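The lines below spell out each chain.
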Amino acid sequence: YGLGDREYWGWKTKDFANATMQGGVHSLAVAIKLDLFDVPQQKKVLKLIDDIIISTKKITYRNGSVEEAYPQENSFCVTALVAFDILMAIDILNLDINKYRDIIQPLIKFITKYDEEHAIISNHIATAVSAIILWNKLAKDSNKRYLELLDIIYEHQSNEGWYKEYEGADPGYQTLCTYYLAVAYKNTKDKKLLDSLKKSAKFLEYFIHPDGTIGGLYGSRNTEVYYPGGIVALMDEIEEFRVFNHIDINEQVLPQNIDIGNFIPLLNSYAYAALNYK
């Protein structure tokens, strides 16, 4: 109970759970914040959020990592993602961090100690940056690891503005990276980070097509998925992002149309956009 991966607990087609699904607490928290539930429903959803966070401990290894696609994978990306989304839910709803400290702290320790070694994937690194910043804010910690991770992102950011995704630029994933970095900026007001995001925006604005879509076959990862959270959150501070007001949302791959593995990050990005929408 409390685990989101139905292929694991329901269909039983695999013997481990994709921890990504635990991140759904973020969107549920936003829905409560935006008064999308009546009072009785709110109580049920708050209980559900609590159950999901507590159940995450069942699928966390002793080294603090969780899995995504393979058993005993020790996924840097999804460990960071789960920590980030749980912390976002706690922050949005002003929940007591101490109740969940022993669940989140191992995740933070893992992404502090280990690196993702198979490639430079900026959106993964950015997830860890925001997770550690939120942990510091809520747990009153002073973990400096996020600065090391930001330096990796800066070091591999092109002079053209794009963030490295494997071996090059990918506009779709750059919008996802922007979402995580926007949360980091909102919580730190770091000028160097804002300058990096402005540089990124000047690149991204060229990749909205006449039909309102974004990205595609020319990206390093071929993605044409638009993650709006960071762009909407930063429109007041980064002028280039205002051109995204012209994006046709009906031409995008929306959460209800995405594959299972990407559903939670995309849904959460739309939720964060809704939270920041003027």
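For the structure given in this document, a descriptive report is provided here.

Cut-offs used in this document
- Residues numbered from 1 in each chain as written.
- Predicted model: local features only at pLDDT ≥ 70, side-chain atom pairs only at ≥ 80, totals over all residues.
- Heavy atoms only, no water.
- Core = buried A, V, L, I, M, F, W, Y, C linked by side-chain atoms within 4.5 Å.
- Buried < 20%, exposed > 50% of the residue type's maximum accessible area, 1.4 Å probe, protein only.
- Helix = DSSP H or I, 4+ residues; strand = E, 2+ residues; numbered from the N terminus.
- Contact = heavy atoms within 4.5 Å.
- Salt bridge = Lys/Arg side-chain N within 4 Å of Asp/Glu carboxyl O.
- Axes fitted to C-alpha atoms, helices over the stretch in contact; angles between N-to-C directions.
- Parallel < 35°, antiparallel > 145°, perpendicular 65-115°, else oblique.
- Left-handed = near helix turned anticlockwise from the far one by under 90°.
- Nonpolar A, V, L, I, M, F, W, Y, C, P; charged D, E, K, R; others polar.
- Phe/Tyr/Trp six-rings, centres within 6.5 Å; stacked < 30°, edge-to-face > 60°.
- Lys NZ or Arg CZ within 6 Å of the ring centre and 35° of its normal.

One broad rule of soluble globular proteins: the nonpolar side chains tend to lie buried together. Counting 91 residues, the largest nonpolar core has Ile-104, Ile-108, Ile-111, Leu-181, Phe-241 and Phe-244 as the members making the most contacts within it. Sort the elements by how many residues they give to this core and helix H4 (residues 76-93) lands first, with 15 residues. Apart from residues no more than four positions distant in its own chain, Ile-108 is found in contact with Ala-83, Leu-87, Ala-131, Ile-132, Trp-135 and Asn-143.

Here we come to the pattern of salt bridges. Per the stated rule, a full pass over the model turns up 13 salt bridges. Asp-102 is the partner of Lys-57 in a salt bridge, and the nearest nitrogen-oxygen pair spans 2.8 Å. Placement of Lys-57 in the loop between helix H3 (39-55) and H4 and of Asp-102 in helix H5 (residues 97-113) is noted, with a sequence separation of 45 residues between them. Across the salt bridge formed by Lys-137 and Asp-91, the nearest N and O atoms sit 3.0 Å from each other. Taken together, the positions of Lys-137 in helix H6 (residues 122-139) and Asp-91 in helix H4 put the pair 46 residues apart, joining distant regions of the chain. What makes Lys-137 partly exposed here is its relative accessible area of 37%. The class for Asp-91 is partly exposed, based on a relative accessible area of 24%. Several salt bridges share partner residues, and in doing so they unite Asp-5, Glu-7 and Lys-14 into one network.

Time to look at unusual backbone geometry. You will see that Gln-72, though not glycine, has its phi angle at about 55 degrees, which is positive. Along the chain, Gln-72 turns up in the loop between H3 and H4.

This part covers the packing of helix H8 (residues 171-188) against helix H9 (residues 191-204). The relative placement of two packed helices is expressed as an angle between their axes plus a distance between the axes. Put simply, H8 and H9 touch, their axes get as near as 11 Å, and they point 155 degrees apart. When the axis of H8 is compared with that of H9, the two are roughly antiparallel. In this structure, H8 crosses over H9, and the sense of that crossing is left-handed. Listed contacts from H9 to Pro-171, Gln-174, Thr-175, Thr-178, Leu-181, Ala-184 and Tyr-185 of H8 are Leu-193, Leu-194, Leu-197, Ser-200, Phe-203 and Leu-204. Split by residue class, the contact of H8 with H9 holds nine nonpolar, four polar and no charged.

Glancing now at the packing of aromatic side chains. With the rule as written, the count across this model stands at nine aromatic pairs. Their ring planes at 85 degrees and their centres at 5.9 Å tell us that Phe-84 and Tyr-179 sit as a pair that is edge-to-face. On the criterion of sequence distance, the pair formed by Phe-84 in helix H4 and Tyr-179 in helix H8 is long-range, its members being 95 residues apart. Given the relative accessible area of 0%, Tyr-179 is considered buried. On the basis of an interplanar angle of 35 degrees and a centroid distance of 4.8 Å, the ring pair of Phe-110 and Tyr-114 is categorised as tilted. Since its relative accessible area comes to 4%, Phe-110 is described here as buried. One aromatic cluster is present, formed by Phe-84, Tyr-179, Tyr-180 and Tyr-272 through successive ring pairs. Between the NZ or CZ atom of Lys-14 and the centre of the ring of Phe-16, over which it lies, the distance is 5.0 Å. Over the ring of Tyr-173 we find Arg-221, and its NZ or CZ is 3.8 Å from the ring centre.

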